[in-house]
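Chain by chain, the residues:
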Amino acid sequence: MQDLSSYPLELTGPDVPMVRFMNVRKTYGDFVVLDDLNLDVAAGEMVTVIGPSGSGKTTVLRMLMTLETINGGVIYVDGKPLTHMPKNGVLVPADAKYLRKARSSIGMCFQHFNLFPHMTALENCMEGPVQVLGLSKKEARERAEELLSMVGMIEKKDQHPARLSGGQQQRVAIARALAMRPKVMLFDEVTSALDPEVIGEVTNVIKDLVTKHNLTMLMVTHQMGFARDISDRICFFFGGKIEEQNTPEELFTNPQKERTQQFLSAVKAAD
Amino acid sequence: MTYISFLSEYGGRFLDGALVTAEQFVCSLALAVFLAHLAGLLLLSRTMVLKAIAVVYVEFFRGTSLLVQLFWLFYVLPLFGVTLDPFLTGFLAVGLNTGAYGAQLVHGAIKSVPRGQWEAAYALSMSSSKRMLRIIIPQAFVIMLPAWGNLVIELLKSTALVALIAVPDLMFEAKQMNSSTYLSTWTFGTALIIYYVFARFLITPTMRSLERIMARRMGRA
Ligand SMILES: Nc1ncnc2c1ncn2[C@@H]1O[C@H](COP(=O)(O)OP(=O)(O)OP(=O)(O)O)[C@@H](O)[C@H]1O
Ligand SMILES: [Mg+2]
């Protein structure tokens, strides 16, 4: 087991990031997906992760959602450890109960929406608030309706997912995640499974979130134009490492590393 | 004697028998559904002891004959001082046996609910029991319903075996009437028709409408 004594029990100081990956390592057997990842996301910041297939982008988000356990290092959210919990003055791997509480500050949208098929759009958005946060049905309904209006889905609130288009399902999924009032939102290729003509309705919702709400967001996308428009920072992943990171302007117009240049020109050629 | 007069003389006994068969059916079905879900969930358990109990139960009741299980409960348990009346023994055996098959359906259906559903529920911070009860089982139910349709009909057919421990069900009555009248064609023929009507006009339509209701709940109808 790794020695965790050098990791702080809590992050303190003036600029505590909303998310901090500290020496994070992820392996599957002998295969190292991410090695010694260090990444901070400030409160209210929108960071987009780009990179070739298999570079570990999804894994970064899934580790933050605690859907994957990590094999080294510690992840902190809002100054508190996420993957670990303090015990007798040191960090130990978090147990199920701690994880359930800790991950409630994180919301995630998936490539394939994963709406609950046996519930209407409204019920999907009420499920977490009622069952997890303990809101009354009435409060949860008001919250869900407000969010469904925000994503433009209030007219379809009583429809089941099977009756909705991909773009509509994804917007409901965004509302469902937001209904939990997360501090951090994760978007993993949320437009990749959509028909080209409905991509805009989903990206517009995300743009809205960026401009009108002070959410911290971490996004993986293959849509470079969209990433450039809305991100505060872009991280280019290659082979399980951050090869280069910068503001969108800098990274897209003036990439420093050869691999970044290759990747960006390959993406441009494909467009 | 014509078939009409045969029926008017023995119809009451067919009815009595059919009623007992129906009671056996309902009791063993309730037991089987309960055990199937319990064992199906235990098969997924990470606690080795619980999982082992479920594996042994499923393996034992699927791997041995229902008739032997029935006789074992009826003739062997009393040697250990446990005597159950025939009706109870009958539906216990059929319920235990069908429950073992059902456990595999439940287990398989739960496993075939897409991974994304588990992950979405997890991302909402749902506890594992709520995730199972509110998200996974309702979807697993829809997946396994068609297979249960077959299993329920199998269960009905299995109940005929309880006649062998003298539960006065339809089969038992038919055998009794046959040995006093020697009208095998009519006695067993009538029993066959009653079993068929039960399966074809009661069970099948019920299962179909259940499937329709569930499809509507999923927004698919
Ligand atoms: N459950 C797993 N078991 C083994 N290897 C895995 C598993 N999940 C991911 N990997 C491997 O980890 C690496 C990173 O995967 P990841 O899904 O994070 O890539 P990605 O950057 O999101 O790629 P893509 O753009 O194709 O979505 C890949 O090489 C992948 O094969
Ligand atoms: Mg990916």
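None of the values given here were measured: they were computed from a predicted structure.

Cut-offs applied
Residues numbered from 1 in each chain as written. Chains lettered and ligands numbered in written order. Predicted model: local features only at pLDDT ≥ 70, side-chain atom pairs only at ≥ 80, totals over all residues. Heavy atoms only, no water. Patch = residues over 30% accessible without salt bridge, like charges linked within 9 Å, V, L, I, M, F, W, Y side chains within 5 Å. Areas by Shrake-Rupley, 256 points an atom, 1.4 Å probe, with all protein chains shown as cover. Salt bridge = Lys/Arg side-chain N within 4 Å of Asp/Glu carboxyl O. Lys, Arg positive; Asp, Glu negative; His and termini not counted. Charge placed at Lys NZ, Arg CZ, Asp CG, Glu CD. Helix = DSSP H or I, 4+ residues; strand = E, 2+ residues; numbered from the N terminus. Buried < 20%, exposed > 50% of the residue type's maximum accessible area, 1.4 Å probe, protein only. Pairing = 2+ DSSP bridges. Contact = heavy atoms within 4.5 Å. Axes fitted to C-alpha atoms, helices over the stretch in contact; angles between N-to-C directions. Buried area = accessible area lost by both parts, 1.4 Å probe. Polar contact = N/O pair within 3.5 Å; in protein donor to acceptor, adjacent residues only side chain to side chain. Nonpolar A, V, L, I, M, F, W, Y, C, P; charged D, E, K, R; others polar.

What am I meant to see in a positive patch on the surface here?
Residues and elements named next belong to chain B. A contiguous patch of positive charge, built from Arg200, Arg208, Arg212 and Arg216, is present on the exposed surface. Along the chain, Arg216 turns up in helix 8 (residues 184–217). Its relative accessible area of 52% is what places Arg216 among the exposed residues.

Would you explain the sheet that holds strand 4 (residues 72–77) of chain A in this entry?
Strand pairing in a sheet is mediated by backbone hydrogen bonds. Such pairs are either parallel or antiparallel. Residues and elements named next belong to chain A. One open sheet accounts for four strands, arranged 2-1-4-5; its pairing is antiparallel. Two strands lie at the open edges of the sheet, namely strand 2 (31–41) and strand 5 (80–81), each paired on one side alone. Where strand 4 lies against strand 5, two bridges are found, and the strand directions are antiparallel. Directly across from Tyr76, in strand 5, lies its bridge partner Pro81. Strands strand 1 (19–28), strand 2 and strand 4 of the sheet are contacted by helix 1 (residues 57–64), whose axis makes an angle of about 115 degrees with strand 1.

How should the interface of chain B and chain A be read in this particular structure?
Reports of interface size often rely on the accessible area that becomes lost once the parts have come together. The partner chain A presents 26 residues to the 24 residues of chain B that form the contact. Summed over both partners, the interface of chain B with chain A buries about 2,200 Å², with 55% contributed by carbon and sulfur atoms. Considering only the side of chain B, the residues that lose the most area to chain A are B:Tyr122, B:Leu124 and B:Ser125, jointly responsible for 30% of the buried surface there. Inspection of the chain B/chain A interface yields two salt bridges. A salt bridge links B:Arg134 to A:Glu127; the shortest N-O distance between them is 2.5 Å. Where chain B packs against chain A, one counts 13 residue pairs in polar contact (both at pLDDT 80 or more). Of all elements in the fold, only helix 5 (115–123), helix 6 (128–158) and helix 8 of chain B reach the threshold of two or more residues within the side of chain B that touches chain A. Of the residues assigned to the side of chain B that touches chain A, the class counts are ten nonpolar, six polar and eight charged.

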